[in-house]
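Below, each chain spelled out in residue letters.
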Amino acid sequence: MAEDIEDGPAMDARRFAALAEAYGGDLRRWPQAERAAASSFASSETGQAILRHAGTLDAMLDGYGIRHPGKALHDTILRTANRHMVRRRRQRFWWLGLGLAGIGLAGAVAGLALVTVVTPEVQPDHYVLDANATSFGDAGPDTIEEDL
């Protein structure tokens with residue numbers, strides 16, 4: 001089935017068809033290592049049929065063209081993209097503001113928790129709330145003088 005040529009084993013129909021499907025009907029597009037074996041197989045009737053089929057597909061693919069979009073479509077795409085970018089900037093700005101508000105709220109909650117935990121337990125029967133009282137204790141005038 002497969003005879004050896006100078007570079008390697010000869011090509012069989014399955015391998016030839018797989019290469020023709022991958023690289024097309026023009027042997028110049030095929031890998032350099034496969035060209036010698038493929039050119040000898042291409043002279044057979046089976047090889048010519050496979051190359052004709054691949055050549056038909058190549059011709060259809062080569063004939064396919066894409067029209068350029070019109071100016072109206074181009075302008076519509078640019079306007080839509082611009083609106084999308086403006087909307088994304090606004091959303092980013094609002095998320096930034098919400099994030100900063102959340103950080104401020106978290107700080108206020110942490111401060112409230114700290115004051116609640118640090119506030120000493122005070123018995124209501126012997127403590128009188130006056131103008132010099134703080135959550136950390138009495139800050140009256142005699143307390144200030146003792147610290148000096």
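Below is a short write-up of the structure. (Residues numbered from 1 in each chain as written. Predicted model: local features only at pLDDT ≥ 70, side-chain atom pairs only at ≥ 80, totals over all residues. Heavy atoms only, no water.)

As for helix α2 (residues 32-42)
Threshold: Here's how the labels work: a residue is buried when its accessible area is under 20% of the maximum for its type, exposed when over 50%, partly exposed in between, all with a 1.4 Å probe on protein chains only. Only runs of H or I of at least four residues qualify as helices and only runs of E of at least two qualify as strands under DSSP, and these elements are numbered from the N terminus. In this description, the arc belongs to the directions extending from the helix axis to the C-beta atoms. By definition, residues are in contact when any of their heavy atoms lie within 4.5 Å.
Listed as buried for α2 are E34, A37, A38, F41 and A42. When α2 is viewed along its axis, its buried side chains cluster within an angular range of 140 degrees and face the same direction. Those residues of α2 that are buried are in contact with α1 (13-23) and α3 (45-63).

Remarks on the packing of aromatic side chains
As a reminder of what qualifies: Two aromatic rings from Phe, Tyr or Trp, using only the six-membered ring of Trp, form a pair when their centres are within 6.5 Å; if the ring planes differ by under 30 degrees the pair is stacked, by over 60 it is edge-to-face, and anything between is tilted.
Considering all chains together, one arrives at 3 aromatic pairs under this definition. Ring centres 4.8 Å apart and planes at 50 degrees place the aromatic pair F16 and F41 in the tilted group. One end of the pair, F16, is in helix α1; the other, F41, is in helix α2, and 25 residues separate them in sequence. This pair shows no difference in class: F16 is buried, exactly as F41 is. Taken together, the aromatic side chains of F16, W30 and F41 make up a single cluster linked through ring pairs.

These values are about where atoms sit, not about what they do.
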